[in-house]
Amino acid sequence: MKKDLISMDDLTLDEIKIYLEVARRIEAMPLPERLRVLPGKIMASLFFEPSTRTRLSFESAMHRLGGSVIGFADQGATSVSKGETLSDTIQTIENYVDIIVMRHPGEGTARRAAELTDLPVINAGDGSNQHPTQTLLDLYTIEKDLGRIEGITMAFVGDLKYSRTVHSLVRALMKFNVTEFYLVAPEALRLPGYFMMNDQPGRYRFIETESLEEAIAKCDILYMTRIQRERFPDLLEYEKVKDSYVLSHSMLASAKADLRVLHPLPRVNEISTDVDHTRFAGYFPQTRNGVIMRQAILSMHLGGRI
Ligand code: CP
């Protein structure tokens, strides 16, 4: 068991499967029993970037395991705004807690924090780089919805360039022998080329297309993403692509019967609300799975008894 959870690249397939197994066990546990998993433990929730789901589901997860939470959701309310360094912040907070959950706009910052402390550090999203806890809950959701992960056909839609959720999930699915990826993105937001380079040429098919309809007809999971205004250096470029793909219920007419639409959320307009109450919509149950998976992560990294 590694001390930290920073990147999907750090995990073997077997290690990922252990997170999924622990999440299954936690979901099966009665709530009063869960409260005895981490009594007396304290989690630091350090969010240098906005969040609704990741922060609140981690905090909910910790409370549901009998632990408690301190932290901040706005770095402006901390001494970072007075010029304190990340190093000093981590070396201070490590005296107060048992585990650190951190989101930061700087790529690689979670790894740096992990090197500064002996406490477990969980990456809750570092810039456009990785979002491993989202990936673990996405895998858990896919397995629950489809009954399998191996061999499925995935489609990723929207911002594939800056989306850390996409970057982490592609990496993980490749370990699960998922070999067919439809990539639906405007030219300016394509998946970076290095994802398609691997040591097993010919094993993976990355089908780049601008046709959402083509991907819908072929995939098992349609993974929608938001075009992220905050990642664009030039807002004029954002304006050009912001409405590139909008999924509506009628577009799902050609979908497989058990296709699921997932989305890490938040959404802006890329999924029309007329999809929300169809059998295809998996994105709100996905948020519920976030609390389960984050209970698994906290209990595993804090040595809780499951
Ligand atoms: N999926 C996700 O990371 O959502 P938040 O930004 O609301 O945490």
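About the criteria used
- Residues numbered from 1 in each chain as written.
- Predicted model: local features only at pLDDT ≥ 70, side-chain atom pairs only at ≥ 80, totals over all residues.
- Heavy atoms only, no water.
- Axes fitted to C-alpha atoms, helices over the stretch in contact; angles between N-to-C directions.
- Helix = DSSP H or I, 4+ residues; strand = E, 2+ residues; numbered from the N terminus.
- Parallel < 35°, antiparallel > 145°, perpendicular 65-115°, else oblique.
- Left-handed = near helix turned anticlockwise from the far one by under 90°.
- Contact = heavy atoms within 4.5 Å.
- Nonpolar A, V, L, I, M, F, W, Y, C, P; charged D, E, K, R; others polar.
- Phe/Tyr/Trp six-rings, centres within 6.5 Å; stacked < 30°, edge-to-face > 60°.
- Buried < 20%, exposed > 50% of the residue type's maximum accessible area, 1.4 Å probe, protein only.
- Near = heavy atom within 4 Å.
- Polar contact = N/O pair within 3.5 Å; in protein donor to acceptor, adjacent residues only side chain to side chain.
- Areas by Shrake-Rupley, 256 points an atom, 1.4 Å probe, with all protein chains shown as cover.
- Domains from an automatic or database assignment.
- Arc of directions from axis to C-beta.
- Pairing = 2+ DSSP bridges.

Caption draft 1: Quick look at the packing of helix H6 (residues 132–146) against helix H7 (residues 164–175). One way to put it is that H6 packs onto H7 with a least axis distance of 8 Å and a crossing angle of 55°. Comparing their axes, H7 and H6 come out oblique. Here the hand of the crossing between H6 and H7 comes out right-handed. Between H6 and H7, the residues in contact are Pro-132, Gln-134, Thr-135, Asp-138 and Leu-139 and Thr-165, Ser-168, Leu-169, Ala-172 and Leu-173, respectively. Partitioning the contact of H6 with H7 into residue classes produces 5 nonpolar, 4 polar and 1 charged.

Caption draft 2: Summary view of the packing of aromatic side chains. Considering all chains together, one arrives at 8 aromatic pairs under this definition. With a centroid separation of 5.5 Å and an interplanar angle of 65°, the aromatic rings of Phe-232 and Tyr-238 are classed as edge-to-face. Residues Phe-232 and Tyr-238 agree in their burial class; the two are buried. Site record: aromatic cluster; members linked through ring pairs are Phe-156, Phe-181, Phe-206 and Tyr-223.

Caption draft 3: Examining the site of the ligand more closely. Around the ligand sit Ser-51, Thr-52, Arg-53, Thr-54, Arg-103, His-131, Gln-134, Pro-264 and Leu-265, and that is every residue in its neighbourhood. Between the ligand and Thr-52, the relevant distance is 2.8 Å, taken from an oxygen atom to a main-chain nitrogen or oxygen of the residue. One nitrogen or oxygen atom from the side chain of Arg-103 is found 2.9 Å from an oxygen atom belonging to the ligand. Protein chains bury 92% of the 250 Å² of accessible surface belonging to the ligand in isolation. Partitioned by chemical class, the residues of the shell around the ligand number 2 nonpolar, 5 polar and 2 charged. Residue-level mapping places the shell around the ligand at the junction of two domains, with at least three residues from each of domain 1 (8–130 + 288–301) and domain 2 (132–283).

Caption draft 4: Structural context of helix H4 (residues 86–93). Among the residues of H4, Leu-86, Ser-87, Thr-89, Ile-90 and Ile-93 are the ones counted as buried. All buried residues of H4 lie within an arc of 165° about the axis, which places them on one face of the element. Tucked into the core, H4 has its buried residues touching strand S1 (42–47), strand S2 (68–72), strand S3 (99–104) and helix H5 (109–116).

Caption draft 5: View of the sheet that holds S3. The parallel open sheet is built from 4 strands, whose spatial order is S2-S1-S3-S4. Two strands in the sheet have a free side with no partner beyond their single neighbour: S2 and strand S4 (121–126). Within this sheet the neighbouring strands show an average axis-to-axis angle of 15°, counted without direction. Against the sheet, helix H10 (residues 283–301) makes contact with S1, S3 and S4, and its axis sits at roughly 130° relative to S3, the strand it touches most.

Caption draft 6: Main features of the sheet that holds strand S5 (residues 153–157). Strand order in the open sheet made by the 5 strands is S7-S6-S5-S8-S9, with parallel pairing throughout. In this open sheet, the two strands that pair with only one neighbour each are strand S7 (205–209) and strand S9 (260–262). The mean inter-strand angle of the sheet, taken between neighbouring strand axes irrespective of direction, is 20°. Of the strand pairs in this sheet, S5 and strand S8 (residues 221–224) are connected by 4 bridges, and their pairing is parallel. When the sheet's bridge partners are listed, Met-154 is paired in S8 with Ile-221.

What is shown is where atoms sit, not what they do.
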